Amino acid sequence: MPGWPVANRLCRGGATFRVVCFHPSPYSTRGEARFVARLMKRRGWKRVVVVTSRYHVVRARMDFRRCVHGNVKGVGASTSLGQWIAGAIQEWPKLAYALTLGRSC
């Protein structure tokens, strides 16, 4: 993914832990949640930790809980003040949609 050098480096290999890289369809939090739900079912996993930006934790956790049959924990990663402000501005309309019209997995 352009702009995500650390993630790209992990996806290329060399990590001391298992990394699963994928391109969700649709390219959205809900698409990610759907993919992870299928992966968890195939592998028999019972829990998942979703790591995302702090401004995105609430909606990400909500989307994953709607799709995943298991325990979901959301963890917020630090962002710069500028990233937080830009992300929060983009996140509020998406959260409003998720709470009203987009309530399914």
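This structure is a prediction, so every number in the text was calculated from the model and none was measured. (Residues numbered from 1 in each chain as written. Predicted model: local features only at pLDDT ≥ 70, side-chain atom pairs only at ≥ 80, totals over all residues. Heavy atoms only, no water.)

Novice: Can you walk me through the nonpolar core in this structure?
Specialist: Burial of nonpolar side chains together is a common tendency in soluble globular proteins. Ranked by internal contacts, the top residues of the largest apolar core, which has 13 residues, are Val36, Met40, Val48, Val50, Phe64, Val68 and Val72. Contributions of two or more residues to this core are made by helix H2 (29–43), strand E1 (47–53) and helix H3 (57–67). It is H2 that provides the largest number of residues to this core, a total of six residues. Excluding its chain neighbours within four sequence positions, the residues that come into contact with Phe64 are Thr29, Glu32, Ala33, Val36, Val50 and Val72. (Core = buried A, V, L, I, M, F, W, Y, C linked by side-chain atoms within 4.5 Å. Buried < 20%, exposed > 50% of the residue type's maximum accessible area, 1.4 Å probe, protein only. Helix = DSSP H or I, 4+ residues; strand = E, 2+ residues; numbered from the N terminus. Contact = heavy atoms within 4.5 Å.)

Novice: Teacher, can you tell me more about the packing of aromatic side chains here?
Specialist: Aromatic ring pairs: the centre-centre distance and the angle between the two ring planes describe each pair. Under the counting rule described, the total for this entry stands at one aromatic pair. Look at Phe22 and Phe35: their rings are 3.9 Å apart centre to centre, the planes differ by 15°, and that puts the pair in the stacked class. Highlighted residues: Phe22 in the loop between helix H1 (5–11) and H2 and Phe35 in helix H2, separated in sequence by 13 residues. (Phe/Tyr/Trp six-rings, centres within 6.5 Å; stacked < 30°, edge-to-face > 60°.)

Novice: Explain the pairing of strand E2 (residues 71–77) to me, please; I cannot follow it from the model alone.
Specialist: The two faces of a sheet get side chains in turn, since along a regular strand they alternate between them. Pairing of E1 with E2 involves seven bridges; the strand directions are parallel. In the sheet register, Val50 faces E2, and the bridge partner there is Gly74. Crossover connection from E1 via H3 to parallel E2: handedness right-handed. (Pairing = 2+ DSSP bridges. Right-handed = clockwise from strand over helix to strand, strands pointing away.)

Novice: Looking at this structure, how should I read helix H4 (residues 81–100)?
Specialist: Counting along an α-helix, one turn takes 3.6 residues, and residues three or four places apart therefore face a common direction. The first and last C-alpha atoms of H4 sit 28 Å apart over 20 residues, in line with the 28 Å expected at 1.5 Å per residue. The sharpest bend along H4 measures roughly 30° and falls at Glu91, with the proline Pro93 sitting one to four residues further on. Taken together, the buried positions of H4 are Gly87, Ala88, Glu91, Leu95 and Ala98. (Expected span 1.5 Å × (residues − 1). Bend = angle between axes of the 7 residues up to and from the residue.)

Novice: I would appreciate a short explanation of the layout of surface pockets in the present structure.
Specialist: With a probe scaled to a water molecule rolled over the atoms, the places where space remains empty come into view. In this structure, the largest pocket occupies an estimated 1700 Å³ of space. In terms of lining, the largest pocket is formed by 39 residues, of which the most central are Trp4, Ala7, Glu32, Val51 and Thr52. Per element, the largest residue contribution to the lining of the largest pocket is six residues, and it comes from E1. Taken together, the residues that form the lining of the largest pocket break down as 24 nonpolar, eleven polar and four charged. (1 Å grid on protein atoms, 1.4 Å probe; cavity = no way out; pocket = protein on both sides within 12 Å on 5 of 7 lines; lining within 4 Å. Points joined across faces, edges and corners; volume = space filled by probe spheres on them. Nonpolar A, V, L, I, M, F, W, Y, C, P; charged D, E, K, R; others polar.)

Novice: What am I meant to see in a nonpolar patch on the surface here?
Specialist: Judged by side-chain polarity, Val6, Leu10, Phe17 and Val19 come together as a nonpolar surface patch covering roughly 320 Å² of accessible area. With respect to the helices and strands, Val6 occurs in helix H1. (Patch = residues over 30% accessible without salt bridge, like charges linked within 9 Å, V, L, I, M, F, W, Y side chains within 5 Å. Areas by Shrake-Rupley, 256 points an atom, 1.4 Å probe, with all protein chains shown as cover. Salt bridge = Lys/Arg side-chain N within 4 Å of Asp/Glu carboxyl O.)

Novice: I'm lost on the pattern of salt bridges in this one. Help?
Specialist: Tallied over the entire structure, the rule returns two salt bridges. Arg59 serves as the salt-bridge partner of Asp63, at 3.8 Å between the closest nitrogen and oxygen. With Asp63 and Arg59 both in helix H3, this residue pair falls four residues apart, about one helical turn. The buried category is assigned to Asp63, whose relative accessible area is 4%. The partner of Glu91 in a salt bridge is Arg59, and the shortest N-O contact between them spans 2.5 Å. Residue Glu91 is found in helix H4, and its partner Arg59 is found in helix H3; the two are separated by 32 residues along the sequence. Judged by relative accessible area, Glu91 falls into the buried class, the value being 7%. Linked through salt bridges whose partners overlap, the residues forming this network are Arg59, Asp63 and Glu91.

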